[in-house]
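# Analysis of the macromolecular model
The lines below spell out each chain.
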There are 2 protein chains.
Amino acid sequence: MQVFLNGEFVPEAQAVVPVSDRSFLYGDGLFETLRLAGGQPFQWEAHWERLARGASGLGLVCPLDSAEARTAALELARRNGLTDAVLRLTLSRGSGPRGYSLRAAHRPCFVMTVHPAAPVVGGVPLHWNVVTATLRLPAGNSLAAFKTNNKLVQVLARAEAEARGADEALLLNTEGFVTETAAGNFFWMERGRVFTPPLAAGGLPGVARALVMELAAAGGHRVEEKLLPGHEGRRCESAFITMSTQGVVEVSSLDGTALSSSELVAETHRAYWRRVAAETGGS
Amino acid sequence: MQVFLNGEFVPEAQAVVPVSDRSFLYGDGLFETLRLAGGQPFQWEAHWERLARGASGLGLVCPLDSAEARTAALELARRNGLTDAVLRLTLSRGSGPRGYSLRAAHRPCFVMTVHPAAPVVGGVPLHWNVVTATLRLPAGNSLAAFKTNNKLVQVLARAEAEARGADEALLLNTEGFVTETAAGNFFWMERGRVFTPPLAAGGLPGVARALVMELAAAGGHRVEEKLLPGHEGRRCESAFITMSTQGVVEVSSLDGTALSSSELVAETHRAYWRRVAAETGGS
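Residues numbered from 1 in each chain as written. Chains lettered and ligands numbered in written order. Predicted model: local features only at pLDDT ≥ 70, side-chain atom pairs only at ≥ 80, totals over all residues. Heavy atoms only, no water.

Counting its secondary structure elements, chain A contains 6 helices and 16 strands. In terms of C-alpha radius of gyration, chain A reaches 19 Å, essentially the compact-globule figure of 19 Å for 283 residues. Taking the principal axes of its C-alpha atoms as reference, chain A extends roughly 55 × 45 × 30 Å. Across the 283 residues that make up chain A, the buried fraction comes to 62%. Within chain A, residue pairs in contact and separated by at least 24 positions form 70% of the contacts whose partners lie at least 6 positions apart. In the form shown here, chain A has an accessible surface area of approximately 10,800 Å², with 52% of it arising from carbon and sulfur atoms. Here chain A holds 27 positive side-chain charges and 28 negative ones, and the gap between their average locations is 4 Å. (Helix = DSSP H or I, 4+ residues; strand = E, 2+ residues; numbered from the N terminus. Rg over C-alpha atoms; globule rule 2.2 N^0.38 Å. Buried < 20%, exposed > 50% of the residue type's maximum accessible area, 1.4 Å probe, protein only. Contact = heavy atoms within 4.5 Å. Areas by Shrake-Rupley, 256 points an atom, 1.4 Å probe, with all protein chains shown as cover. Lys, Arg positive; Asp, Glu negative; His and termini not counted. Charge placed at Lys NZ, Arg CZ, Asp CG, Glu CD.)

Quick look at the structure:
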């Protein structure tokens, strides 16, 4: 497998960063994961725009612009012989002197990797069992708008979920409200209406979240933003998770309580992948 | 400069980790920084114990035990010709498949680097101007007990402080209480009494914090733990920061208000470095 590292395509074994890299030391950087279908990235612009906003927020300058990075991503997929894949972009602040100060940390590091992913066929979403994690995300955190490399809460929440026999973790914020899951945005249904937490609750502004809201609205189901206290998960009749790598994942159970399967979830998932196919020419 | 990387001493240029390293991707790891004086690490056991607690909390196994790592640290200092230095230990979960799941991420990565540091002589602490950062740490965060590699809040808080012409940032938690500074623990004086926030406010259990509390008590000044609302910083007559790399740093001003210099701070600083000299044989 080849890796794109700071402007060059290198074999995986040579795709390394110094131990002084600030993302290794502090998680001082950003990332994006997006889907490749038919060899084409899906929603490149939306992902790049979020990366650029994050870079601005962190005071980082990406060494490539969107068009250069997109061209390199296509070439990376081609070199690795992948058409259906997950593409990961990582932007680190790079190396600098020891310590938190950014002075003299001037050369960011930009990496892209591709990872094989089964094509999504037949329009059937994955079904996951979800449990509420013990760790919480900070409420009112302005960094939540950026997909940073500080993801230990998500890592440990997912580990907790897996240790409890579940597939994914639901994350509350420090005020007890639902924010998102470890790897995606959370939606739930209540008396025929569809809800998702407002971004102010501390979740990431997901690219798939925005698209699913658009697709649901086009199908006559406007998604309403509402705070959901963590202990009121029982209000959810059905629920789903959106993520750029999978589209829509239906929640089979939440904290051990089975949820109903919803035709709306299946339909939204099909609409999502029709959009992927239309925009990329892939599955 | 040589680096200790996974059991070997390597030149700095070869001290690299794969771009799939989870600390590079997620900040999925831990670190310690401690002082070397006279070529000896100061408070090795306390730092190692905190690293071990963090490793346990994150479900990580350090590939070396304390004695092995200490021996390697001494050899690293010797090879680099450093007697007065800062030693940094970094423990990452290492590489694994893409995604948050820890399944199949089984080989942690352990790194030690040394960085020259001027010997502290004459007993005069540094004096820093401190400003309160905009970003906040989560209240009630169980991860706060560990020195993790998720340090973007600290990085950006320090950057904000420097942009405002200050040296260091004071961090509040999401409930508005003082927790710590970007790089150390915070103490303040009020009517002749010395206070520090309880660890429950979300600060790191600092090794220097514990030692300074011990030294102050031995000098007749028991440090009291008390919550300090961020907007009541004006209650501080004097203040100081403790950190393993510097001992005690006096706060010259807080959010633009000059604080008084305190003989107690200077005395505690001298006592700190007497202890360093006694335990390491260094300055």
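Here the narrative resumes, following the displayed structure.
The next point concerns the side chain of B:R50. Residues and elements named next belong to chain B. Residue position: R50 is located in helix α2 (residues 44-58). Of the residues examined, R50 reaches a relative accessible area of 4% and is grouped as buried. Side-chain polar atoms of R50 contact the side chain of E32, separated by 2.7 Å. Within polar-contact distance, the side chain of R50 engages the backbone oxygen of P205 at 3.0 Å. Each residue touching R50, except ones within four places of it in the same chain, is listed here: E32, A145, K147, L204, P205, G206 and V207. (Polar contact = N/O pair within 3.5 Å; in protein donor to acceptor, adjacent residues only side chain to side chain.)

Another point: empty space enclosed by the protein. Residue and element names in this part refer to chain A. Scanning all chains against the criterion turns up 1 cavity of 30 Å³ or more. Estimates place the volume of the largest cavity at around 30 Å³. In this structure, the largest cavity is lined by T179, N185, F186, T196, P197, P198, L199, G203 and R209. Its residues assigned to classes, the lining of the largest cavity comprises 4 nonpolar, 4 polar and 1 charged. (1 Å grid on protein atoms, 1.4 Å probe; cavity = no way out; pocket = protein on both sides within 12 Å on 5 of 7 lines; lining within 4 Å. Points joined across faces, edges and corners; volume = space filled by probe spheres on them. Nonpolar A, V, L, I, M, F, W, Y, C, P; charged D, E, K, R; others polar.)

Turning next to the interface of chain B and chain A. How big an interface is tends to be reported as the loss of accessible area on association of its parts. Taken together, the contact pairs 55 residues of chain B with 55 residues of chain A. Of the roughly 4,400 Å² buried at the junction of chain B and chain A (both faces included), carbon and sulfur atoms supply 68%. If you sort the residues of chain B by the area they bury against chain A, B:F24, B:R98 and B:Y100 come out on top, with a joint share of 19%. Where chain B packs against chain A, one counts 2 salt bridges. Linking chain B to chain A there are 17 residue pairs in polar contact (both at pLDDT 80 or more). Listed by contribution, the elements that provide at least two residues to the side of chain B that touches chain A are β1 (2-5), β3 (16-18), α1 (22-26), β4 (29-37), β6 (85-92), β7 (109-116) and α4 (152-163) of chain B. Looking at the side of chain B that touches chain A element by element, the count peaks at 8 residues for α4(B). Where strand β3 (residues 16-18) of chain A lies against β3(B), 3 bridges are found, and the strand directions are antiparallel. Across the sheet, A:V17 pairs through a bridge with B:V17, a residue of β3(B). (Buried area = accessible area lost by both parts, 1.4 Å probe. Salt bridge = Lys/Arg side-chain N within 4 Å of Asp/Glu carboxyl O. Pairing = 2+ DSSP bridges.)

Note that every value here comes from positions in space, so none of it alone points to a role or purpose.
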